[in-house]
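Examining the three-dimensional arrangement
Letter by letter, the chains look like this.
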Amino acid sequence: MMQRSLRTILRDAWRLTAPYFNSEERWAARLLLLVVIALNLSLVGFNVVLNFWSGAMFDSLQQKDAALFTNLILFWRSGTLSFSLSDKDTFIPGFVALATVYIAIAIYAIYLRQLLEIRWRTWLTHRLLGEWLTDRAYYTMGLQTAQAQPGAKPGAQPYADNPDQRIAEDVRDFTRNVLVYGISLMRNVVSVISFGSILWTLSGIVTVWGVSIPGYMLFIAIGYAIVGTWLTHLVGRPLVGIEFDKQRLEADFRYSLIRVRENAEGVALYNGERIERLALLDRFAAVVGNWRSYMSREKWLNMLVNGYGQVASIFPLVVASPRYFAGEIQLGGLTRISGAFGQVQASLSWFVDRYDALAALRAIVERLAGFQAATADARSLAQGGVRVQAGTEPDVSLEHVQIALPGGRVLMEDGNFTFPQGQATVISGRSGSGKSTLFRALAGLWPFGSGTVRRPSGRTLFLPQKPYIPLGTLRNAIAYPDPVSAYPDAAVRDALAASGLGALAPELDADQPWTQRLSGGEQQRLAVARALLLRPDWLYLDEATSSLDPEAQSELYATLREHLPGTTLVSIAHRADVATFHDTKLVFKDGTLLPLSLVEGTTRPSP
């Protein structure tokens, strides 16, 4: 995978983020974000107060002052502090009050952040779904491969693999992590400023080679964090590519499992368990190989991060202890220096502590940005190809239609043909000649080619060889793509009975996996029932009854002609019996639609 520059990643992240906060929800989103930021920054303020409280507490222990200790726990402390550089009284709330308010703020800081997260995820999901489904980008993306992209190598992965994962998981992780890490980064910036000033004040002055350095502990904390960040980046940089591949390989493995589940009967009939197991294990082996690469790199990163953290826990005490042993500061002052140093160092080490998580976030941004780019390219590609336009004539006409495959091979060079309204036309031809591709072009799906298909007004329905059966009830499947409320119960039952599926009428409202339960022939009967219910003006069938025996196929065609007398039929079929239910017979040969009587070797006359 070619990793993009950090500048490009940040730009892509901004393009994914900014639209929501400028959308129709912008005022609610901005208000929620401001409240969440304010609550999180107030937690930093509480940490500053706790730093003072800790100093006073350790002083009370050193002085064995039980009354002061009790006040610091239950009530408050007011007076001059031994570690304060000012003679003014300092008010410090008791621990009970501090903890109560702190807990309340911490709870609502998380709750409101989660509320903003789900609102943002909802909005972004709607947007990406819209981009994916608009102009049938989801279909065109399935035809595109990485080979079509500039500089792609042979055998490259699809340009935007696993769109389901990108919309479901990547959007979820992106909205959550951007808020979590963004707010965390902001808290740490404020912590550096707040505790940096404390550390500067408490550090005093150290003289090195005759040079007096004020606030030296602050400079040591900054230098320590810079070295740790640089080393972490060197060790963890490969994690970005590993994380990107990890998401893809996990999704590929999951998709393969789903494919076996959805095609369980076919696998069982072929006794294909062994080859499916080998294929699944091969994909899982890729997951394991990626995970081992992750483990190896994570081992070195964890070694660095944990060593860095362990040294940081003792480092400020070692550096500041000479002043304590010299009597310049008391125990409370030493603990405050250690605490402030830890806060500054931890805030400056934000990048170190979250490097692997940031690598995962970077991979997510690249996947979402790639998905948006792929949908945009697919919509752009869909604008070309064979165009379907409204016609002024009652017939469907092809004007200078060229149809090609994605690789460039031309199936139809210059098609000019008319399908008359009210007639039934059957198209036959050898397998691979381009009949199904012509079917897709007539539907306005095929982006590879040129020319125009003019269709008159009226409802058009296309029935492919493998029907689509949506999730839900059988009633929902029959009415698709219309809502079930569009048709009375009697009409649905009549369509089911006419298509030969009357025995399923008692289960019309059963929510079952109908794709698995119904055989191939029953699924095609269901598609015919859909046509009988929707009553289109133009009905196109691409081997839509090929899974049925010849007798059942003839019965269904007779039913269609009887129940849809005003519907124009255009069928693609191999069986000669189908032709008897049509008025015009055509053969797709050498990229041209020819009347059957003109084709060499035929004996059937043209109608």
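Here is a short report on the structure shown in this document. (Residues numbered from 1 in each chain as written. Predicted model: local features only at pLDDT ≥ 70, side-chain atom pairs only at ≥ 80, totals over all residues. Heavy atoms only, no water.)

Moving on, we come to the pattern of salt bridges. The full count for this structure, using the stated rule, is 16 salt bridges. A salt bridge links Glu 117 to Arg 113, with the shortest nitrogen-to-oxygen separation between them at 3.9 Å. Of the two residues, Glu 117 and Arg 113 both sit in helix α4 (residues 95-133), four residues apart, roughly one turn of that helix. Neither residue differs from the other here; Glu 117 and Arg 113 are each classed as buried. Between Arg 172 and Asp 173 there is a salt bridge; the shortest N-O distance is 3.0 Å. According to the relative accessible area criterion, Asp 173 is buried, its value standing at 10%. What emerges from the salt-bridge pattern is a single network uniting Arg 475, Asp 489, Arg 493 and Asp 509. (Salt bridge = Lys/Arg side-chain N within 4 Å of Asp/Glu carboxyl O. Helix = DSSP H or I, 4+ residues; strand = E, 2+ residues; numbered from the N terminus. Buried < 20%, exposed > 50% of the residue type's maximum accessible area, 1.4 Å probe, protein only.)

As a further point, take the sheet that holds strand β5 (residues 387-390). Strand order in this open sheet of four strands is β5-β9-β6-β7, and the pairing throughout is mixed. The open sheet has two edge strands with one neighbour each: β5 and β7 (410-419). Looking at each pair of strands side by side, their axes are set apart by 15° on average, direction ignored. Across six bridges, the pairing between strand β6 (residues 396-404) and β7 is antiparallel. Note on β7: the bridge partner recorded for Leu 398 is Phe 417. (Pairing = 2+ DSSP bridges. Axes fitted to C-alpha atoms, helices over the stretch in contact; angles between N-to-C directions.)

What follows concerns the packing of α4 against helix α13 (residues 355-383). At a closest axis distance of 8 Å, the pairing of α4 and α13 adopts a crossing angle of 35°. Considering how the two elements wind past one another, α4 and α13 form a crossing that is left-handed. The segment α4 lies against α13, with Arg 127, Leu 128, Glu 131 and Trp 132 engaging Leu 368, Phe 371, Gln 372, Thr 375 and Arg 379. (Left-handed = near helix turned anticlockwise from the far one by under 90°. Contact = heavy atoms within 4.5 Å.)

With 21 residues, helix α7 (residues 216-236) ought to run about 30 Å at 1.5 Å a step, and its terminal C-alpha atoms sit 30 Å apart, in line with that. The set of residues buried in α7 consists of Tyr 216, Met 217, Leu 218, Ala 221, Tyr 224, Ala 225, Gly 228, Thr 232 and Gly 236. (Expected span 1.5 Å × (residues − 1).)

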